[in-house]
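Below are the chains, spelled out letter by letter.
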Amino acid sequence: MTNDLARWQFATTSIYHFLFVPVTIGLAFLVALLQTAWYRNEKPEYRRLTRFFGTLLLINVAVGVVSGLVQEFEFGMNWSAYSRFVGDVFGGPLAMEGLAAFFLESTFLGLWLFGWDRLPRRVHLSCIWLVAVGTILSAMFIMVANSWMQHPVGYVLNSHGQPELNNVGALFTNPTFLWGYVHVVLASLITGTLLMLAVSAWQIRNGRDVESFHHTARISVIILLPTILLTMFVGSELGVVEAKYQPVKIAAAEAQWNNCKPCSFSAFQIGGGKNDKTPSQIIPIPDLLSVLATNSFSGGVVGLNQLQKQDETKYGPGNYIPDVFIQYWSMRIMAYVASLIVLLALWGGWLLHKGRLDQSKWFLRLSMWAVLTPFVMNTAGWMLTENGRQPWIVQGLMKTIHANSPSVTSTDLWISIVVFVLAYTALGAADVLLMLRYARKGLGEDGHDAELRSGANSGATSIPALTY
Amino acid sequence: MLHLHTLWFIILAILWVGFFVLEGFDLGVGALHSVVGRNDTERRVAINTIGPWWDGNEVWLIVAGAGTFAAFPGWYATWFSALYLALLLLLLALMARGVAFEFKGKLEDPRWRRTWMWCMTLGSLLIPLLLGVGLGDLLHGLPIDSAHNYTGNFFDLLTPYGLWSGVTLLGLCLLHGATFLGLRTEGPLRERARALARPLGWTASALVVGFVAWTLAVSGHADVPGPVQVLAVLAVLFAARLVSTEADGWAFTASAVAIAATVGSLFIELYPNVMVSSTNAAYNLTVTNSVSGHYALTVMTIVTVVIFPVVLLYQGWSFYVFRDRVKAPPSQSEPPPPTAVPSTPQA
């Protein structure tokens, strides 16, 4: 019971946290890009665009940071047995994240925010780039830690049977990490890009600062197509790596109960869960699963039944198969939503080529709603990754059922779940309210233009209009 | 030869000290901003004195937590799970306060502003109080069994000594925030901050004296206070005296030393334990029985030695960039000067 509650809590809070993280990573990079453009061409509209999207970034960072705090504390609060067992390996990347990424991100965000009229332009520009670097470094360390749970490397078991780090280089060259990290960063860029596209589309449709927002719409479309294609390629390579180290995860994602060679991929299916191991595949695509799992048309995939037998021999009796329904559908939701984004990107690219990007009413309208897609895609991707590792918390080393805090009662957990749900709902509502409000403002409404005109740029009298 | 586990105990103590010296004034300012600021603009000025820094200062806490996880997983696991509901409250306070910085000024609505003002104030009050309880309990001892699991409930966390530690740190943070506002503002804001600092100074002095005496009784190491404890008492007394003078910088320095020495003295008394068991001294968590392996500590030491000085450099630079006093903008009711004369840059 307590274990289930702890799992529900961690799943909910981490999914919530990861709604904000990719926006931060993606937007920080895009804002830095806009400011670089302004640095080069000195056109005031690029300064306004930088500040406009900078405000959206800041609103989002606020919730991203505080929901990240929860994650950092939850390991010790809810998963003390896990923390005690793996801290030697797993704690390191977390501490490095704080030292190398959080300090950088937060200090330079403060400098950027308050330094508009106080720092030399070049220095001020490097501040936002350092923020962007900070977000990407942060993702790196946390992905190192997470990838170690998926595929533990670089350790030996000590006399107490606990993993002890003996090769830190192996953590950072873990194939699961290399592919997973690039996959996550690219998906974050897509998230930021689609947000920028949606806001620009809304502004263009409402006839506001059309010329300026045409720039950001164009930039979004240019970035989107190569990035989404690259994300899908990297994701499929990650699938091959996972098929090698976590075969159960991939077999479950395809509801492949028995060995196959070559293996077809079902676009949809009925059944296939625990009680129905012979699902009716709808629209089977020959050989596609073989390609996805092994990079070869005739590659074989070991079925769940066979993998279960193997694991029982290796680890003793128990259920080694994750929830197949969640696996199967999160895989498909992720992939199909990504395909929709490809279509949108192709359409946008074609319109851009024809010079009609801001004239197609339907494209602009669709782009506005498309802002929801990356969140669905990202969440499904994480469900696929994390659910697919079950019943393990660290693949092959520790089961989730043994990982929670023995001293934490189900009352404690209920209280905290209720508190988190209420607090997160309130924060989320405030965040969405502000995002919508500020995304619909006009450019240059933040008072900075007036400040520059009145010459009050000595810094001593100006209070940053962006904030507080 | 310094053992790595001792070095890491020292590093963590430094992180906690650094957190309270830096975020201490942020918390004080957050708690006092609605008292020293009588209207929206004044409150905004008060918050802007810490605007560029508070987020970076808070990272000291995150790194202290993650550093404990990396260097002493056993300590991290027992401590964080024992403090479960207290940490839940702490997280709520950190969330409400952290978001308030960014959200408060984003809408004009007075109810919206008032809500975030209260989030900021209450959050800033709760954070040092809860952290003080959590730190004091390490030394006082909590019911911990032979497997290093906490066996008490939420109310067992509220030990008298822990509560006194919490109130002491709260008092010090308020004083530190007041001396900081005295240093960073001018005009009526500065006067109000300085007026607040006087009673806060004497209150904090009484709390620190009590804390030192109680710590000696709880730890049982010695009958006379050690040098750091003496320093804590002297510094807080100096701060209490200096806030009545015009020496804003010295008053702030004294409150910084007072908070540093108070937090530092707790860790000095704690060593070599990291968490005392009130059930049985044999179950105490120590630097040797909760520590990571030698290789992991070596890696973390190298990473810290390489990165931490760089962090100190750029954080220090950020303090330097925004070193001027924060001024209120000219009142909006006044007509602007006929010609746009750039104001004289401040020295």
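What counts as what
Residues numbered from 1 in each chain as written. Chains lettered and ligands numbered in written order. Predicted model: local features only at pLDDT ≥ 70, side-chain atom pairs only at ≥ 80, totals over all residues. Helix = DSSP H or I, 4+ residues; strand = E, 2+ residues; numbered from the N terminus. Rg over C-alpha atoms; globule rule 2.2 N^0.38 Å. Buried ≥ 20, exposed ≤ 12 C-beta atoms within 10 Å, placed from the backbone. Contact = placed C-beta atoms within 7 Å. Nonpolar A, V, L, I, M, F, W, Y, C, P; charged D, E, K, R; others polar. pLDDT = per-residue confidence, 0-100. Axes fitted to C-alpha atoms, helices over the stretch in contact; angles between N-to-C directions. Parallel < 35°, antiparallel > 145°, perpendicular 65-115°, else oblique. Core = buried A, V, L, I, M, F, W, Y, C linked by C-beta atoms within 7 Å. Expected span 1.5 Å × (residues − 1). Arc of directions from axis to C-beta. Left-handed = near helix turned anticlockwise from the far one by under 90°.

**Description of the overall build of chain A**
Secondary structure assignment for chain A yields 15 helices and 6 strands. For chain A, whose C-alpha radius of gyration is 24 Å, the value lies close to the compact-globule estimate of 23 Å for 468 residues. C-alpha atoms of chain A, sized along the principal axes, occupy 75 × 50 × 40 Å. Taking all 468 residues of chain A together, the buried fraction comes to 54%. Here the contacts in chain A between residues at least 6 apart in sequence split such that 75% fall between residues at least 24 apart.

**So, the overall build of chain B**
Looking only at helices and strands, chain B has 11 helices and 2 strands in total. In sequence order, the secondary structure elements of chain B are arranged as α-α-α-α-α-α-α-α-α-α-β-β-α. For 347 residues, the compact-globule formula gives about 20 Å, and the C-alpha radius of gyration of chain B, at 21 Å, lands near that figure. With respect to the principal axes defined by its C-alpha atoms, chain B has extents near 75 × 40 × 40 Å. Taken across its 347 residues, chain B has 59% of its residues classed as buried.

**A closer look at the interface of chain A and chain B**
On the side of chain B, 69 residues touch chain A, which itself brings 65 residues to the contact. Contributing elements (two or more residues each) for the side of chain A that touches chain B: α2 (44–78), α3 (80–114), β2 (163–165) and α14 (410–439) of chain A. A per-class count over the side of chain A that touches chain B returns 37 nonpolar, 21 polar and 7 charged.

**Quick look at the confidence of the model for chain A**
One rule of thumb: low pLDDT means the predicted coordinates there are not for detailed reading. Summary statistics for chain A give a mean pLDDT of 90 and a share of 94% for residues scoring 70 or more. Low pLDDT, under 50, characterises residues 456–468 of chain A; the stretch is placed with 52 contacts to residues that sit more than four places away or in other chains.

**Concerning the packing of helix α8 (residues 188–219) of chain B against helix α10 (residues 248–270) of chain B**
Relative orientation and spacing of two packed helices are given, respectively, by the angle between their axes and the distance between those axes. All names here are of chain B. For the pair α8 and α10, interaxial distance at closest approach is 11 Å and the crossing angle is 5°. Between α8 and α10, the angle is such that the two are roughly parallel. On α10, the residues that touch Val208, Phe211, Thr215 and Ser219 of α8 are Ala258, Thr262, Ser265, Leu266 and Glu269. When grouped by side-chain class, the residues that make up the contact of α8 with α10 number 4 nonpolar, 4 polar and 1 charged.

**A closer look at the nonpolar core**
Counting residues in each nonpolar core, the largest one holds 277 residues, and the members touching the most others are Phe53 of chain A together with Leu87, Ala239 and Ala258 of chain B. The leading source of residues in this core is α3 of chain A, at 21 residues. Not counting residues within four places of it along the chain, the set of residues in contact with alanine 258 of chain B comprises Leu172, Val208, Ala232, Ala235, Val236 and Ala239 of chain B.

**Quick notes on the confidence of the model for chain B**
Residues and elements named next belong to chain B. On average, residues of chain B score 91 in pLDDT, and 94% of them are at 70 or above. Averaged pLDDT values for the elements of chain B fall to 89 in helix α2 (residues 40–48) and rise to 96 in helix α7 (residues 160–184). Per-residue pLDDT stays below 50 along residues 332–347; that stretch engages in 12 contacts with residues further than four places along the chain or on separate chains. Our summary of model confidence lists the complex with pTM equal to 0.91 and ipTM equal to 0.91.

**Comments concerning unusual backbone geometry**
Going from glutamine 390 of chain A to proline 391 of chain A, the amide bond is cis rather than trans, its omega being 10°. Inspection of the secondary structure puts proline 391 of chain A in the loop between α13 (373–387) and β5 (392–394). Cis geometry marks the peptide bond from tyrosine 271 of chain B to proline 272 of chain B; its omega dihedral reads 0°. Tracing the backbone shows proline 272 of chain B in the loop between α10 and β1 (273–275). A positive phi is found at aspartate 209 of chain A, a non-glycine position, where the angle reads about 40°. Within the chain, histidine 148 of chain B stands out as a residue other than glycine whose phi angle is a positive 70°.

**Some details on helix α10 (residues 304–315) of chain A**
Residues and elements named next belong to chain A. In a regular helix each residue adds 1.5 Å, so 12 residues correspond to 16 Å; α10 covers 16 Å between its end C-alpha atoms and thus fits that length. Listing the buried residues of α10 in full gives Leu304, Leu307 and Asp311. Along α10, the residues classed as buried sweep out an arc of 60° about the axis, all on the same side.

**Describing the environment of glutamate 164 of chain A**
Mapped onto the elements of the fold, glutamate 164 of chain A is located in strand β2. Take glutamate 164 of chain A: there are 19 C-beta atoms within 10 Å of it, and that puts it in the partly exposed class. The sequence separation of glutamate 164 of chain A and valine 89 of chain A amounts to 75 residues, and the corresponding C-alpha distance is 6.1 Å. Those residues within four positions of glutamate 164 of chain A in sequence are excluded, and the remaining contacts are Asp88, Tyr155, Val156 and Asn158 of chain A together with Gly293, Tyr295 and Ala296 of chain B.

**Some points on the packing of helix α1 (residues 4–36) of chain B against helix α11 (residues 294–321) of chain B**
All names here are of chain B. Running from N to C, α1 and α11 point in directions that differ by 45°, and their axes come no closer than 10 Å. The angle between α1 and α11 falls in the class oblique. Relative to α11, α1 is oriented so that their crossing is left-handed. Residue-level inspection shows Leu4, Leu7, Trp8 and Ile11 of α1 in contact with α11, the latter providing His294, Leu297, Thr298, Thr301 and Thr304.

**Structural notes on the environment of alanine 95 of chain A**
Note that alanine 95 of chain A resides in helix α3. With 23 C-beta atoms packed within 10 Å, alanine 95 of chain A lands in the buried category. Taking the C-alpha atoms as reference points, alanine 95 of chain A and isoleucine 142 of chain A, 47 residues apart in sequence, are found 9.9 Å from one another. Beyond its immediate chain neighbours, meaning those up to four positions away, alanine 95 of chain A contacts Val63, Ala66, Gly67, Phe69, Ala70 and Met300 of chain B.

**Comments concerning helix α11 (residues 324–354) of chain A**
Over its 31 residues, α11 of chain A extends 45 Å from the first C-alpha to the last, a length consistent with the 45 Å expected when each residue adds 1.5 Å. Downstream of α11 of chain A by one or two residues, glycine 355 of chain A has phi in the positive range, about 70°.

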